[in-house]
Amino acid sequence: MLRLSCRRVIPVSIAIAALGLATAPAIHAQATEQTAPTADMTCSLIAEGALSPPIQPVTSGEKRPASFNGKDGTAACSGTIDGQSIDTTSAGSWGVNADSDNPINCGSLTEGITGDGTSKITVTTIDGQQKSHTTSFDFEVVGGAVTISNGLDGAGSFQPTEGDCVTEAMERARVEFEVTTSS
């Protein structure tokens, strides 16, 4: 049996070039990684969204943790984001998600509901760039009044838009806030 041996010799310059290509994406990714924009804004925020699961009337006796999801809200802001002035003539957008800390029902609104959430405010700067500020926050609802803190600070209201919370479960709500944020 005849055996042939074939050894391939790779020139050192090709090996070094290949090594450089293998590390290039990591170097590129590191160079383009950005930090979150800084924001010093005052905003009026409005969103309507679903409550999941719906908040049950007191008479049902049922309490469950609930979430609010307002995707297509509006933001009217002034101030700066990432060092650039906000164009106050352009409408911004707002998305918000919030979760109750404990199981709740409509009676919890008068007792007080606490929880946390995330907020994403997108605005246009005076040079036409769209920039977003995402932050977490804590909230407390007592009656229809809401205070928010720890990242997004301000006060506002929580109003049912679908379901009366007396005989029907509250399925949707509208929130409105006057807030400040700085990071």
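Here, the structure is the one placed above.
As the structure is a computational prediction, the values presented were derived from the model and not from experiment. (Residues numbered from 1 in each chain as written. Predicted model: local features only at pLDDT ≥ 70, side-chain atom pairs only at ≥ 80, totals over all residues. Heavy atoms only, no water.)

Caption draft 1: Seen up close, the pattern of salt bridges. Counting across every chain of the model gives five salt bridges. Between Lys131 and Asp82 there is a salt bridge, with its nearest N and O atoms 3.2 Å apart. One end of the pair, Lys131, is in strand 6 (residues 130-142); the other, Asp82, is in the loop between strand 2 (67-81) and strand 3 (84-85), and 49 residues separate them in sequence. (Salt bridge = Lys/Arg side-chain N within 4 Å of Asp/Glu carboxyl O. Helix = DSSP H or I, 4+ residues; strand = E, 2+ residues; numbered from the N terminus.)

Caption draft 2: Here's a closer look at a negative patch on the surface. On the surface, a cluster of negative charge is contributed by Asp99, Asp101, Asp116 and Asp138. Relative to the elements of secondary structure, Asp99 occurs in strand 4 (residues 92-100). What makes Asp99 partly exposed here is its relative accessible area of 36%. (Patch = residues over 30% accessible without salt bridge, like charges linked within 9 Å, V, L, I, M, F, W, Y side chains within 5 Å. Areas by Shrake-Rupley, 256 points an atom, 1.4 Å probe, with all protein chains shown as cover. Lys, Arg positive; Asp, Glu negative; His and termini not counted. Charge placed at Lys NZ, Arg CZ, Asp CG, Glu CD. Buried < 20%, exposed > 50% of the residue type's maximum accessible area, 1.4 Å probe, protein only.)

Caption draft 3: Spotlight on the state of the cysteines. A full pass over the atoms with the stated rule returns two disulfides. Residue pairing for Cys43: its cysteine sulfur links by disulfide to Cys77, the two sulfurs lying 2.1 Å apart. With the S-S dihedral at roughly 115 degrees, the linkage between Cys43 and Cys77 falls on the right-handed side. You can see Cys43 sitting in strand 1 (residues 39-55) and its partner Cys77 sitting in strand 2, a full 34 residues away along the chain. Given the relative accessible area of 1%, Cys43 is considered buried. The disulfide that involves Cys106 links it to Cys165, with 1.7 Å between the sulfurs. For the disulfide bridge between Cys106 and Cys165, the dihedral angle about the S-S bond is near -105 degrees, and by the sign convention the bridge is left-handed. Placement of Cys106 in the loop between strand 4 and helix 2 (108-111) and of Cys165 in the loop between strand 8 (153-162) and strand 9 (170-182) is noted, with a sequence separation of 59 residues between them. Considered together, Cys106 and Cys165 belong to a single accessibility category, that of buried residues. (Disulfide = S-S within 2.5 Å.)

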